[in-house]
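Listed below, chain by chain, are the residues.
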Amino acid sequence: MTAFKTPSPHNANANGRVPQPDDPQSDEPQSNDSRRETIHIGGMDCSSCARRIEHAVRRLPGVDRADVHYAAATMKVEYDARHTNRTILENELRQLGYSCGATRQSQQANTSGHHHAHDSHTHDSHTHHAAAGGSSAQSLPWLRRYRELSLSLLCGWLLTLSFVGEKYFGLPHAAAVALYAAAYGAGGYDVARHALPGVLRGRFDVDVLMLLGALGAAALGEWGEGAFLLFLFSLGHALEHSAMERARDAISTLGRLTPKTALVRRDGHDEVIAVEELRIGDIAIVRPGDRVSVDGAVRVGHSAIDQSPLTGESVPVEKAPGDKVFAGAINGEGSLEVEVSRLAQDTTMARVLRMVEEAQAEKSPTQTFAERFERVFVPLVLVTLSLAAVVPPLLGWLSWEVAILRALGALVAASPCALALATPAAVLAAIGQAARNGVLIKGGVHLENLGALHAIAFDKTGTITRGRPEVTIVIAMQPHSEDDLLSMAAAVESRSNHPLAQAVLRKASEREVIWPASGEAHAIAGHGVEAQVGDHQVRLGSETYFQQQERAIPDELAAQARRCGEAGQPTTFIQIDGQVVGLLAFSDTLRPEAAATLQRLRALGISSLTMLTGDNARVAQVVAQQAGIDEFRAGLLPEQKMSAIRELQQQHGQVAMVGDGVNDAPALANATVGIAMGASGTDVALEVADVALMADDLSRLPFAVALSRQSRRIIRQNLWISLSVIALLVPSTLFGFTRLGVAVIFHEGSTLIVLLNALRLLRFRPEVTHS
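Here is a short report on the structure shown in this document. (Residues numbered from 1 in each chain as written. Predicted model: local features only at pLDDT ≥ 70, side-chain atom pairs only at ≥ 80, totals over all residues. Heavy atoms only, no water.)

### Here we look at the sheet that holds strand S12 (residues 324–325)
Next up, step 1: Spatially, the 6 strands line up as an open sheet ordered S7-S6-S8-S14-S9-S12, and their pairing is antiparallel. At either margin of the open sheet sits one strand with a lone partner, and together these are strand S7 (269–274) and S12.
Next up, step 2: Pairing of strand S6 (residues 261–266) with S7 involves 6 bridges; the strand directions are antiparallel. Bridge pairing in S7 places Thr261 opposite Ala274. (Pairing = 2+ DSSP bridges. Helix = DSSP H or I, 4+ residues; strand = E, 2+ residues; numbered from the N terminus.)

Here it is in structure tokens:
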């Protein structure tokens, strides 16, 4: 169980007794204490289970709200702790026939290092004994894992045996009925196990209707029809359950990527401990080829890190002292010492997994509509089919047997199982696939909105551009070369952390320029810096500074400086031994992928691309032209960006905002969909945005939009499939064109088609970005 607020206090006390809400000795607060929790539920094998649990839990005293999400296998519940507690909620779930507690992934996360090692050893021993036990021992785990499917197949085998035996081999009718009854038991066990507790609480759902249909067929002597119904229904449940588990595994596999132990250096000794025992400031040792077990900063070592499990980046990223690394990443050939900056439960991977689980439990607008439709449709069907079973015999149009069989068939046909799964299965698969490719989508509503967009606004700095200055122009006057100037400039700036100084050093390194050692550098307040480099006095400063010093600037350099200024590129002049001999121009350069990304977004149907920036209009115009952006708004403060988003919404309806999640937070919060860049290192981005691109890579955005659009298409297809089957099958069954068995085949077939259609999203690839 994962608590949204504070940990539940309903644990056993010192006497080993679980406090109850009205117990005077309980630690329960006696004032209003509202709690919200998420409970993971095991044993749900169809969408009806979710509504059955909701119905039962909402009837408990003190429960204000209960929302069960079948696809994510979770229940969000809000309750007053004065009247109920976690134990009562879990007991209710168990009485309904379900298990509850932590997911497999959480169970792994809670395992200590010593226990983990012990369990691994025990597991290996068990595996050895199982292998020695022969094929019969090996079959038991399979039967336990696929119990539903095993019972369904047993039902089908008994059905076939009784039908073929009676029809072709003279099996006595009484023996055939006994085999049919056994088939009823095998096929109806799981259905009855969940349905009957719901009936006792006043809940009638699809499982109950199927049981009634089978029993009704048996009462009319149609044992084969009833057994066939239960066989197909139980088989459909088993296959549906298996398909949903596959979709859920898209996320749980991410959780299994994080190591459960870490190699830590304490008091001069290296020891392996559970990640839960790590403390902030610990030094974790990451050996070549190991998975990183912590979030932290590199203190010693260089290596290439594969961050694809978290960010989706296909190429390993070089890491050096000072760079951040994330739990779950794979180390390359170098050894690293990493200083822990976050506890195990607060790592970026852990937070992403929690957010994805919460997102999967959120109901999208389409799913909410489908549930509202079901609430009206199901009672209407029950009333109509009750009349269809009674009125024709009373009027002499049909016999009672035929009328009841037709009504039972129509009842099966009208059961909205496929409709209930049409949306949540697609949302679950899409969010899982997005997370595996470095895109965090925080719920079905954001998934659907992202797929419906036709307008996106972008921040400039750090989103369209790299977010850091680079040396773009180097001009040298004779007899000096460009490399000579870079060498001198790098020598002067080598001890500075100023962004422009770092840009000079990067440019020199890029050109493989070696710079000499320099004397102590002295800042020229507001204008530049100077230092002694060998026998030369070198100064780097602005045009204003040299003009004040009455130092002549060559006309060629002055003209170039004006052109750079018009293009929004600040310049720095270089003076050697009293002579201005060159200049460097700087610019926050366009991301390499920016222009291509915007073209792909247009191909996807995004008709309006707008840039919002606090920079001046001259710089904004240059960047917009380079990126191919239609419209830009410059000189905006954070609150003005928010107003701009609202204006764009009035023009285009739904608008997304892409930013860094910090100074763009108001705009992100007010956009239809807020999208954060590079969220793997930004706490605010993960919290504020609706969608987070975990890698600092704008090219992930077209993938996210394309995936969302594909999800919307699949959801629409699923709705049409489910509604069309109901619309065609109900009247054809009522008027006798379709028998009960055929109705069951189409009912279960449509449910499986909807599920398999949704699972196509798990194969959606980043390079597939067509609309």
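### Structural notes on the pairing of strand S26 (residues 673–677)
Next up, step 1: Most of S26 sits inside the fold, with 5 of its 5 residues counted as buried.
Next up, step 2: Side chains of S26 alternate between two faces, with Val673, Ile675 and Met677 and Gly674 and Ala676 buried alike.
Next up, step 3: Examined bridge by bridge, strand S25 (residues 656–659) and S26 share 4 bridges and lie parallel to one another. Paired with Ala656 across the strands is Val673, a residue of S26.
Next up, step 4: As paired strands, S26 and strand S27 (residues 691–693) are joined by 3 bridges and run parallel to one another. Paired with Met677 across the two strands is Leu693, which belongs to S27. (Buried < 20%, exposed > 50% of the residue type's maximum accessible area, 1.4 Å probe, protein only.)

### Here we look at the packing of helix H13 (residues 400–414) against helix H27 (residues 700–734)
Next up, step 1: Viewed as axis vectors pointing N to C, H13 and H27 meet at an angle of 175°, and their least axial separation amounts to 8 Å. Relative to H27, the element H13 is oriented roughly antiparallel. Counting all contacts with H13, which are made through Arg406, Gly409, Ala410, Ala413 and Ala414, the residues of H27 involved are Ile726, Leu729, Val730, Thr733 and Leu734.
Next up, step 2: Residues belonging to the contact of H13 with H27 are distributed by class as follows: 7 nonpolar, 2 polar and 1 charged. (Axes fitted to C-alpha atoms, helices over the stretch in contact; angles between N-to-C directions. Parallel < 35°, antiparallel > 145°, perpendicular 65-115°, else oblique. Contact = heavy atoms within 4.5 Å. Nonpolar A, V, L, I, M, F, W, Y, C, P; charged D, E, K, R; others polar.)

### A few points about the pattern of salt bridges
Next up, step 1: This structure, assessed with the given rule, holds 26 salt bridges.
Next up, step 2: Of the charged contacts, one joins Glu470 and Arg468 as a salt bridge, the two residues approaching to 2.8 Å between their closest N and O atoms.
Next up, step 3: In this structure Glu470 comes out as buried when scored by relative accessible area, which is 14%.
Next up, step 4: Note that Asp630 and Arg602 form a salt bridge whose closest N and O atoms lie 2.9 Å from each other. (Salt bridge = Lys/Arg side-chain N within 4 Å of Asp/Glu carboxyl O.)

### Notes on the environment of Ile431
Next up, step 1: Note that Ile431 resides in helix H15 (residues 424–436).
Next up, step 2: Take Ile431: its relative accessible area is 0%, and that puts it in the buried class.
Next up, step 3: For Ile431 and Gly443, which are 12 residues apart along the polypeptide, the C-alpha to C-alpha distance reads 7.6 Å.

### Digging into the sheet that holds strand S10 (residues 303–306)
Next up, step 1: With antiparallel pairing, 3 strands are arranged side by side in an open sheet as S11-S10-S13. Strand pairing shows two members of the sheet lacking a second neighbour, strand S11 (317–319) and strand S13 (330–331), which therefore form its edges.

### Observations regarding the packing of helix H6 (residues 147–168) against helix H7 (residues 173–200)
A pair of packed helices is characterised by two quantities: the angle between their axes and the separation of those axes.
Next up, step 1: The interhelical angle for the contact between H6 and H7, taken along N-to-C directions, is 160°, at an axis separation of 9 Å. One finds that H6 runs roughly antiparallel with respect to H7. Here H6 and H7 pass one another in a crossing that is left-handed. Here Arg147, Glu148, Leu151, Leu154, Cys155, Leu158, Leu159, Leu161, Ser162, Phe163 and Glu166 of H6 come into contact with H7, specifically with His173, Ala176, Leu179, Tyr180, Ala182, Ala183, Ala186, Gly187, Tyr189, Asp190 and Arg193.
Next up, step 2: Looking at the contact of H6 with H7 residue by residue, the classes come out as 14 nonpolar, 3 polar and 5 charged. (Left-handed = near helix turned anticlockwise from the far one by under 90°.)

### Looking at a nonpolar patch on the surface
Next up, step 1: Taken together, the side chains of Val383, Leu387, Val390, Val391, Leu394, Leu395, Trp397 and Trp400 define a hydrophobic patch exposed on the protein surface, amounting to about 840 Å² of accessible area.
Next up, step 2: If you tally residues by element for the nonpolar patch, the top one is helix H12 (residues 365–395), at 6 residues.
Next up, step 3: Along the polypeptide, Leu387 turns up in helix H12. (Patch = residues over 30% accessible without salt bridge, like charges linked within 9 Å, V, L, I, M, F, W, Y side chains within 5 Å. Areas by Shrake-Rupley, 256 points an atom, 1.4 Å probe, with all protein chains shown as cover.)

### Digging into unusual backbone geometry
Next up, step 1: With an omega of 10°, the peptide bond running from Gln478 to Pro479 counts as cis.
Next up, step 2: Among the structural elements, Pro479 can be located in the loop between strand S17 (465–476) and helix H18 (482–493).
Next up, step 3: In this structure, Glu512 is a non-glycine residue whose phi angle is positive, near 60°.
Next up, step 4: Structurally, Glu512 can be placed in the loop between helix H19 (499–510) and strand S18 (522–524).
Next up, step 5: Unlike most non-glycine residues, Asp577 shows phi in positive territory, near 55°.
Next up, step 6: Within the element layout of this structure, Asp577 appears in the loop between strand S21 (571–576) and strand S22 (579–590).
Next up, step 7: Take Asp577: its relative accessible area is 42%, and that puts it in the partly exposed class.

### A word on the side chain of Arg266
Next up, step 1: In this structure, Arg266 sits in strand S6.
Next up, step 2: Within the structure, the side chain of Arg266 is placed 3.2 Å from the backbone oxygen of Glu277, a separation counted as a polar contact.
Next up, step 3: Other than its neighbours up to four places away in sequence, Arg266 contacts Glu271, Ile273, Glu277, Leu278, Arg279 and Asp282. (Polar contact = N/O pair within 3.5 Å; in protein donor to acceptor, adjacent residues only side chain to side chain.)

### A short note on the nonpolar core
Next up, step 1: With 80 residues, the main nonpolar core has Ile53, Met75, Ile456, Phe458, Ile464 and Leu601 as its most contacted residues.
Next up, step 2: When near neighbours in sequence (up to four residues on either side) are disregarded, Leu601 contacts Ile456, Phe458, Ile606, Leu609, Leu701, Pro702 and Val705.
Next up, step 3: In this structure, Ala176, Tyr184, Leu211 and Ala214 belong to the second largest nonpolar core, which totals 25 residues. (Core = buried A, V, L, I, M, F, W, Y, C linked by side-chain atoms within 4.5 Å.)

### Some remarks on the environment of Arg342
Next up, step 1: Considering the arrangement of structural elements, one finds Arg342 in the loop between strand S14 (336–340) and helix H11 (348–361).
Next up, step 2: For the pair formed by Arg342 and Asp295, sequence separation is 47 residues and the distance between their alpha carbons is 5.7 Å.
Next up, step 3: A distance of 3.1 Å separates the side chain of Arg342 from the side chain of Asp295, its partner in a polar contact.

### Thoughts on the packing of aromatic side chains
Aromatic rings in a pair are described by how distant their centres are and how their planes are angled relative to each other.
Next up, step 1: Under the criterion given, the structure shown has 3 aromatic pairs.
Next up, step 2: Seen in terms of ring centroids, Tyr545 and Phe546 are 5.2 Å apart; in terms of plane orientation they differ by 65°. Their pairing is edge-to-face. Each member of the pair, Tyr545 as well as Phe546, is classed as buried.
Next up, step 3: Between Phe703 and Phe764 the ring centres are 5.8 Å apart and the planes differ by 35°, which places this aromatic pair in the tilted class. Separated by 61 residues along the polypeptide, Phe703 in helix H27 and Phe764 in the segment after helix H28 (740–759) bring together distant segments of the chain. Take Phe703 and Phe764: they sit in the same class, and that class is buried.
Next up, step 4: The aromatic ring of Tyr168 is capped on one face by Lys167, whose charged end is 5.9 Å from the ring centroid. (Phe/Tyr/Trp six-rings, centres within 6.5 Å; stacked < 30°, edge-to-face > 60°. Lys NZ or Arg CZ within 6 Å of the ring centre and 35° of its normal.)

Nothing here speaks to function; it is geometry throughout.
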